Structure formats: C-alpha cells, structure tokens
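Architecture at a glance
Read off the chains here:
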Amino acid sequence: MEVRLQAQEDEITLLKSSLADALRRLRLHDQQIPLLKQQLIAVNPAAARVLNQSCYVDGFSKPCRLSTSSLDGFNHTPNSLISNTAENGEGGAKTIPSHKPSTSERCTQTDPWIPNHESFPLALTRRVQSLSLEDALLEGTPFTDEIQTKEEDADEDEGKKDQTWSSIVEDTIQPTTIRTLQQQHSKSSEDSQGSCPQTPTSSSPAPPKEPTSSPHGGPLSPIQEGEKTLARRNSEKWKEPQDKTKQRLSKKAASSTNLLTRSPSLESRAKDLIASAGSQGSRRGTQNQSIKMFIRGRPITMYIPSNIQNYEELKMDLPSQKLDLDWVYGYRGRDCRANLYLLPSGEAVYFIACVVVLYHISNQKQRHYRKHTDCVRCLAIHPDKVRVASGQTAGVDKDGKPLQPFVHIWDSKTLVTLQQIGLGIFERGVGAIAFSNSDGGTFLCVIDDSNEHMLSVWDWNKNIKQAEVKSTNEAVLAVDFSPTDTNNIISCGKSHVYFWTMSAGTMTKKQGIFGKYKKPKFVLCFVFSLTGDVLTGDSEGNILTWGKSAADIKTLGKGAKETFQIMKQTRAHEGSVFTMCILQGGAILSGGGKDRKIIRWSADLAPERECEIPEKFGAVRTIADLDGEELLVGTTRNAILRGTFSDGFVAIVQGHVDEMWGLATHPTQNIFVTCGNDRQLCVWNAEDHRLDWCTTLEDSGLCADFCPNGAVVSVGLSTARWVVLDLQTKEVVADLIDGNEQLSVMRYSPDGSFLAVGSHDNFIYIYSVTEGGRRYTRFGKCTGHSSFITHLDWSKDGKFIMSNSGDYEILYWDVASGCKLLRNRFESKDREWASYTCVLGFHVMGVWLEGSDGTDINALCRSHSERMVAVADDFCKVHLFQYPCPKPKAPSYKYEGHGSHVTNVRFTHNDSHLLSLGGKDTCILQWRMKGAGTAEPKEHSAAASPPENGT
C-alpha cells in the first residue's frame, strides 16, 4: 500500500510539474503574439485582413483571437514575394510593446476584446486548438534570435521563481503528421471559398483528433483536422489517423530515464517540423542552437557552440589514450588486522580499497592484484610463501543491490587467479581466513560476516566445502589452523576464544574458560608458541597462555570433558594487545595500542627489548619480520613503518585516515596535494611516489588549488575558513573567512590575479591576488545561485566564470564587470575555458549515463591537451572520455580499483598521469597515461565500456 501511495504521489507531482510548465509557456507565447503579428503583417500584408476578424465562441459574444493555424493558408506565398521581402529588409522583427494579459486572460489565452469587427459563429461542440503564430510565417522567414533570447531569459526567470516544477509535457509532433496535414491543406486550398476559420483556444500540442465535419470549409479545415488539445495524463485517450501508431500523452514527462531531449519551444518545434516536411534545411531556427538535458526531472538547457554545424551528425569515439595503474598510495590499517606479510621475493603484501599491493621494499616498485570487485578485508599466505588468499566485502552494485563476497587464491609471482571460492555462499563479506599448515596448505578456513559468522573449511584446490558451522553472534577477529594438526582450529573475537575440532565433515566447539581471570571484552589476536601453547592478546593488555586440562568434575559436573583453560597471565601493554608475531627462534613480538610499544619477549614470555613508534603514526596494528632484526609495522593511522629496535622506525607507506575530497595538481611540477576529513594537508611527489610533507589543519579540508606561479596553495575548510600555505616554508601566509558554511571549491584565474571561492552559502567570493599569491583583497561576490556551489571554472581570458550548483544550475558571471550575472547564457556558448571541472555543461553532457541522479558524478577534469576528460563517479569507477563529449551514450574506458565513491580526479601538469581520490576507502590511485594501441599487462587490465548500452 505504501509503495502504491508513493507511486501515486510521484505521479501527482509530475502532473503538477507538467501543468505549471505548460501554463508558463502559454504566458510566454501570449507575450510574443503582438511581435509575431507585426512580423507576419510585414512579410504578408494579406494576413492583416484575417487578423482583423473575430468570431463567436460557444454562442457567446466575447470574441477570441485567431490561431496561427487559421493563417496557414497564407504560408504558400510565391517565391518572388519572399525574395523581394528579403531584398527590401522586410520581415524583420520589430520591437513593440507586448501585451501582458491579466489573470483571467492568461487562463484563457485570449486577446482583449476589440469592438466593431466582423464575427462568425463556430460549431458549439468543436474542440479547438492552435499551433503557433510562427506557423503563419512565410517559408524561409527566419524566427529572430531576439525572440528566442527573450524566451530563454523568461524561462530562466520563471525557473527561479518556481523551482518545484521540474518536468514538462511536450509530446513530439511527428514529421509524418505535418506532411499529411500539408497534403490535405494543398488539396483543400483549391476548393476553398474563404470561409471564416474556427478559433482555437490553446497552444499546447497533443495527439490529433479524428476529422470532424465543420460548417466552415475554408482553407484551414485540413489543419484543423490535426488540432491538438492539452489533456490530463492518464485520463483520456485520443485516436490517431490509421497511418500512425497510437500514442498516449500519459508518458512520464522529463523523467530521469529521458535524460536528454531536444529543447526548442513549442512554436519553434512546430516551425522546424513543418519546414523539414517541405524542403529540408530551408529553415534553421533557434531550435538547433540548444539541447535540453534532464536530471531528476529538472530541465537543463545547453547551448550548442557556433563551430558545431550539425549536432546530430557528431560522432563520439573512445579517447586516444588509456589508463594503467601506476601507484597506490595508502594502507588499510585503521580497521583491519593481520594484513601485512613479507614474501621471499622481498615484496611486502598488503591491501587498500580493491587492490592488493605487492611493494618491493628495496626496489621501491609496486605490482597490483586487481581482480576484486569491492574492498579487500583480509589476507592469508600459503605455507609455500607464493600463493595468497584474499577475501573481500560484499558491497552493492549501481542499483543498490548487494553483491556476493568471495575469496580469491592467486599466484603472487604471476598475479594469476588460481581459484575463486564461496561465491553465493558467504554473506556480507569475508572477515578472516587462514591456510592449514601441517598438510602443506590443502585447506582454507573462512569466517564470513553474517549474523552467525559461519565458519567453513574448504579444499580450495578442488573448490569443495569440507565442513560448515555457525560460529557465534559476536564479532570474530581472527582464525587459524593448529601448526601440527589440520583438524584443530582456533577462533577469537568479542569475549570469546573457541577451540574447534573437525571430524568427518562436522565441527565441534569448546569454549576457552577464563575462570579466575578477568574476562576481557575482546580477544584480539593469538599465536602458537613452539611448545604448542596458544597465546592470546586481549583488550586488557594481557597475554594469556592457554592449555588443555583434565575435566573439572567439581566445577563442570559429572561427565565433563577436558577443557582449555588459562595456564598463565602476563601483563604486556597499557591498553590493548593488537598483534603478536612468532620469530624463527621462538621469540615473540607484541604490539600495543594505547602505549604504541613493540616488545620482544623470550619463549617463556620474559621481556627482552622494546621501542615506541611515533605518535603521529597511531597504534601498532600488525607486525611482519623482515630478517629477524628489521621489522615492518602496520599502524592504525594507515602507515607502514620499517626499522629496528635500536634505530627506530621510518614510514615507507603513508596515507589519509578519513574521507578525502580536496585534490590539486601543481602547474609545473609532478606534485599534488590532498586534504580531507582527517584534517591533514598532504603534499605528494608523483614522480618519486612519496609524501613530501604533511601538516595538520584546524578543520576538515574540502578543496584546494595551486596558484599559477606554483608558490602557494589555497585550501578551503569545512568552517567557511580558507588558508593559503607557502610550499617552501610550509607556513600559512593568509587566513580568511567567507560566510558561515563549508567551502566547496577554490579556483585561481589563469593569470593568478583572482581567486574564486565557492561556498555552501550559495555565493562565489572573488578576491584579487597580489604579491605572488600572498596577499588577498575582496573584489566582489557573485550572487544568483539558489543552491550551494559545487564546481566552477575560469575563462581563458580570466574575465568570466562558469559555475554549477547543487540544484543542477549552470550560471555565467562577468567578473571583470563587477561579478555580474550574465542573464543571457546563449552569449557564453562560444567562450573558451582555461579548465573544465564543471560536471554540467555542453562539452561534457555525454559523461552522464541514462537515468543518472544528479549526484552520480562527483567530479571531472579535462586534460591540459583538451583531448580527454576524466570522470569520478559514485560507483567506485574512474572513466576516461574523449573531449568534447556532448552527446549521450558517449563511449568511455572504465577503470576499477576504488572501494568507495570516487571524490575527485586531476591530471598532472603534463598529462602524464591522472590522480583519483577514493572517499571512505582513503585511497589515492595514480594512473599512467598510455597510447590506446599499447599492449596492456595482465595485472593492469582495465575494462573498456561500450557505448552506454552495455554498462
């Protein structure tokens, strides 16, 4: 019932939108009537007699104006008259005061009553309808740009007054219908006696009616047979002539599935179709100068540049270059465990987003395993130290439907996938995995993220499930096989340690008994000592030694079996014990949370050495042994450290720890900056793949841009503040506040003389920049948007700005003339832009998929060569299109790797690389540009999406 009610409400909303738009257009047409009459009389004086006639409607004496269709008989003026008119300069639009109808007049769309005019009665039962006065113009008579400009300006003003109506009803007038009507018109013209035509009362097109008899058989009777009437959607059906397919007016107007359509007004549409029915190309009106795009029912008009002669014949091709993943910045340590290992090849294996990274520490090179479709959550290394298992979360697809998680087993040398297990069996995600040890790694144990945390054991090579059992309703953090017996498995998590035994395909569970020891809230990790004991680390900071004990009949009752109990408790860390690692000689390493310490223990848990990692890197998440002395340490602030107890630790991998939005590339160097909700501003070297320096901001950083001289970078914050930092001294050289809401975009003019600051308070603040980007003075404020600013770009001459807003508005500003809003957007269609980051605009219309929501594309960026445009979407994908791409269903290359919405993309200064930011996955991907004909390595494969019908 709720779904039906919601559907009815949506339909009512569409009806209201359609009605409001129709009324608005009727008002606009009424305002053009005097001008059109004057133009008609100028080119066809014979029309004056008909225009001076009036008639009775429905038996009442109040006269009504004649329709355009009633004048159609004068359209076929000899060609000599047309040429003479053109030579004498007649027929041009003359500016005269337009009649603004009163409230009642707007409802009926009639002209004021004119006395002493000859009138004729009409049939009382006749429904009447007009096309447009423009239909009465002679063949070849242009419909002036001035009229179109006035109409578009009025459209903009009306759209601002009433933004709740976001859809329109404009049924297409088929060219075949017009041709049929013209043929009927020509035939009837020969037999007509000049009787007075009937008078229509509406100008909205609708399906034509069946021919009806009329007492007036004048020259316009055939046209009246094709008259149309505005009807309520889903309330009435109209019959078409037999040679046409039946249509309904009830189709959804301006729905999101109708993303793009032509945008001529009613009168120009009729003129275009009538002209095309005759000699094609004889009339080129303003309907060929704009395209209308719909997002969530809101029409967005795009004007076609003058250099595009035939929009319909534009061909959209794939871009001339492709992307190849070059480097991955970041590591997922904030919420994942046991995810850092060292291979015999000298490569460290870890993951972030959808990518498993193999980083050669000595050579400082990366390889990437990219067969996962969503975020990787866990890793396990086979006993042969070559094969790797990685499990992923489920995620959702574009339509919000849950995807199926799975585990991949793959070869770390060739990056070839050997097996995929659990597809369609695991729920939500894979939380923990482990290979068996005593049998050479035949089995794989998997615990998923379902409510019961199902534990399953697989013969992974044969893809056969050996056993499955419900584990617990509590969180499970780790699982592993006993190093001496494949049938023994241990798992731990929230307030539990379970000892599992597998026999004949069944699993039996024994719970660890804490007895007199305090039961911790979490058991976070465990290892097997060389003596066979199980050591667990918990949230109380203790290391507990577990062992088997005989049945305690007094405590557990008669028939009790042997249990696993705590044999020893060792106080290890202040705060939690996050990780433990066994060294070759039997020594044990433990990593602390709150105290950030790494402690080396002897086999009998006597402390030997300890060190503390720097506070800025967070707590110890996991430890990997390099050579018995040197260690790799993963931290909770997404860093990987390398070092020893004596020399300390340095970071070899760093990244953000919260959602990122701000991204900017240096104008002349391979440097880029990022900022996000973790309040970190990071300056990266794209050539050396390292973090140059990082500073902490007072608030979340949401946007950034380099000054064209490359000396300073400006950063917009979430608190309406923005700061400017010197790249050399790392000092703040300017600190200002605009408005009281978050800032969304910073953009310098091409010559660096202005800075535009886009805010969520709907304003764009303009500052003049002096002293090499170190001094800022308020120049003006752009006022006119009705929603928050999302993107903006400067023109190449630095005088104009194009901006987008949260309600899908495109506005243009003349900054040089005092931040003036350009009401006539048609005048900006040929302007060249220094950058193109606005997601809405004619040149990037093709990047929007059919049925897109307005938030499906978060960012885009045109290359400096102006040949490609990269797109960051809301579905974890990076797209590469050719530029420009102004037609729907433009083909593109599509690249995966991010595990969250992609928030931003930017090309480096020489277009050698593209950078993309993930949102929640805190990942930065650096893509290398390469020729489309270059062979692509298997591990760096990227899927090219066909023209949007296949994606």
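All values derive from a computational prediction rather than experimental measurement.

So, the overall build of the protein
Across its full length, the protein carries nine helices and 58 strands. Counting every position in the protein, which comprises 951 residues, the buried fraction comes to 56%. Within the protein, counting contacts between residues at least 6 apart in sequence, those at least 24 apart form 55% of the total. Here the protein has roughly 40,500 Å² of accessible surface; of this, 48% comes from carbon and sulfur atoms.

Quick word on the sheet that holds strand β38 (residues 690-696)
Pairing between the strands of a sheet comes from backbone hydrogen bonds, and it takes one of two forms, parallel or antiparallel. Reading across from one edge, β35-β36-β37-β38 is the order of the four strands in this open sheet, with antiparallel pairing throughout. This sheet does not close on itself; its edge strands, each paired only once, are β35 (660-665) and β38. Across the sheet, the axes of successive neighbouring strands diverge by a mean angle of 20°, strand direction being ignored. Of the pairings in the sheet, the one linking strand β37 (residues 680-685) to β38 comprises six bridges and is antiparallel in character. Paired with Val 683 across the bridge in β38 is Trp 693.

Points about the sheet that holds strand β42 (residues 732-737)
Taken in spatial order, the four strands of this open sheet run β39-β40-β41-β42, and their pairing is antiparallel. Each edge of the sheet is formed by a strand with only one pairing partner; in this case those strands are β39 (701-706) and β42. Going from strand to strand, the sheet's axes swing by 20° on average, the running direction of each strand aside. Of the strand pairs in this sheet, strand β40 (residues 712-717) and strand β41 (residues 721-726) are connected by five bridges, and their pairing is antiparallel.

Focus on the packing of aromatic side chains
In total, this model carries 23 aromatic pairs according to the counting rule given. Taking 6.1 Å as the distance between ring centres and 80° as the angle between the ring planes, the aromatic pair formed by Phe 435 and Trp 460 counts as edge-to-face. Here Trp 460 lies in the loop between β17 (454-459) and β18 (464-470) and Phe 435 lies in strand β15 (residues 430-435), a separation of 25 residues in the sequence. Pairing Phe 672 with Trp 684 gives two aromatic rings, centres 6.2 Å apart and planes at 10°, and the pair type is stacked. Residue Phe 672 is found in strand β36 (residues 671-676), and its partner Trp 684 is found in strand β37; the two are separated by 12 residues along the sequence. Its end group placed over the ring of Phe 763, Lys 781 keeps NZ or CZ at 4.2 Å from the ring centre.

So, unusual backbone geometry
Look at the link from Tyr 883 to Pro 884: it is a cis peptide, with omega at -5°. With respect to the secondary-structure elements, Pro 884 resides in the loop between β53 (878-882) and β54 (892-895). With a phi angle near 65°, Arg 679 is a residue other than glycine that sits in the positive phi range. Inspection of the secondary structure assignment puts Arg 679 in the loop between β36 and β37. Residue classification places Arg 679 among the partly exposed positions, given a relative accessible area of 39%.

Section: the pattern of salt bridges
Using the criterion set out here, one finds 28 salt bridges in the structure. With a closest N to O distance of 3.6 Å, Glu 540 and Lys 518 form a salt bridge. With Glu 540 in the loop between β24 (534-538) and β25 (542-549) and Lys 518 in the loop between β22 (506-511) and β23 (523-528), this pair connects stretches of sequence that are 22 residues apart. Glu 630 is the partner of Arg 642 in a salt bridge, and the nearest nitrogen-oxygen pair spans 2.7 Å. Of this pair, Arg 642 sits in strand β33 (residues 640-644) while Glu 630 sits in the loop between β31 (620-625) and β32 (631-635), and the two are 12 residues apart along the sequence. Overall, Arg 642 belongs to the partly exposed group, its relative accessible area being 28%. Each member of the salt-bridge network shares a partner with another, and the members are Lys 796, Glu 832, Arg 862 and Glu 866.

Looking at the side chain of Asn 685
The topology assignment puts Asn 685 in strand β37. The class for Asn 685 is buried, based on a relative accessible area of 12%. A distance of 2.9 Å separates a polar side-chain atom of Asn 685 from the backbone nitrogen of Glu 687. Setting aside chain neighbours within four positions, we find Asn 685 in contact with Tyr 329, Asn 670, Arg 690 and Asp 692.

Some points on the environment of Trp 410
When you line up the elements, Trp 410 lands in strand β13 (residues 407-411). C-alpha of Trp 410 to C-alpha of Val 386: the two residues are 24 residues apart in sequence and 8.7 Å apart in space. Discounting residues that sit within four places of it in the chain, Trp 410 has contacts with Val 356, Leu 358, Tyr 369, Val 386, Arg 387, Val 388, Ser 390, Leu 415, Val 416, Thr 417 and Leu 418.

Quick word on the side chain of Thr 486
Within the fold, Thr 486 resides in the loop between β19 (476-481) and β20 (488-493). Residue class for Thr 486 comes out buried when judged on its relative accessible area of 10%. At 2.7 Å, the side chain of Thr 486 and the side chain of Ser 438 are in polar contact.

Brief notes about the state of the cysteines
Scanning the model with the defined rule gives zero disulfides in all. Sulfur of Cys 336: no disulfide; nearest cysteine sulfur belongs to Cys 378 and is 8.1 Å away.

A word on the pairing of strand β5 (residues 298-303)
The element β5 is extensively covered by neighbouring structure, given that five of its six residues are classed as buried. Here strand β4 (residues 290-295) runs beside β5; their pairing, made up of six bridges, is antiparallel. Paired with Phe 294 across the strands is Pro 299, a residue of β5. Hairpin geometry of β4 and β5 is characterised by an intervening segment of two residues between the two adjacent antiparallel strands and by a positive phi of about 55° at Arg 296.

With respect to the environment of Phe 907
Tracing the backbone shows Phe 907 in strand β55 (residues 902-907). When its relative accessible area of 1% is taken as the criterion, Phe 907 is described as buried. With 19 residues separating them along the chain, Phe 907 and Gln 926 place their C-alpha atoms 9.7 Å apart. Beyond its immediate stretch of four places on either side in the chain, Phe 907 contacts Thr 665, Cys 861, Arg 862, Ser 863, His 864, Ala 870, Leu 880, His 913, Leu 914 and Met 929.

A look at the confidence of the model for the protein
Taken residue by residue, the protein gives an average pLDDT of 77. The fraction at 70 or more is 70%. Across residues 54-182 the pLDDT falls below 50, and counting only partners more than four positions away or on other chains, this stretch makes 292 contacts in the model.

Conventions we followed
Residues numbered from 1 in each chain as written. Predicted model: local features only at pLDDT ≥ 70, side-chain atom pairs only at ≥ 80, totals over all residues. Heavy atoms only, no water. Helix = DSSP H or I, 4+ residues; strand = E, 2+ residues; numbered from the N terminus. Buried < 20%, exposed > 50% of the residue type's maximum accessible area, 1.4 Å probe, protein only. Contact = heavy atoms within 4.5 Å. Areas by Shrake-Rupley, 256 points an atom, 1.4 Å probe, with all protein chains shown as cover. Pairing = 2+ DSSP bridges. Axes fitted to C-alpha atoms, helices over the stretch in contact; angles between N-to-C directions. Phe/Tyr/Trp six-rings, centres within 6.5 Å; stacked < 30°, edge-to-face > 60°. Lys NZ or Arg CZ within 6 Å of the ring centre and 35° of its normal. Salt bridge = Lys/Arg side-chain N within 4 Å of Asp/Glu carboxyl O. Polar contact = N/O pair within 3.5 Å; in protein donor to acceptor, adjacent residues only side chain to side chain. Disulfide = S-S within 2.5 Å. pLDDT = per-residue confidence, 0-100.

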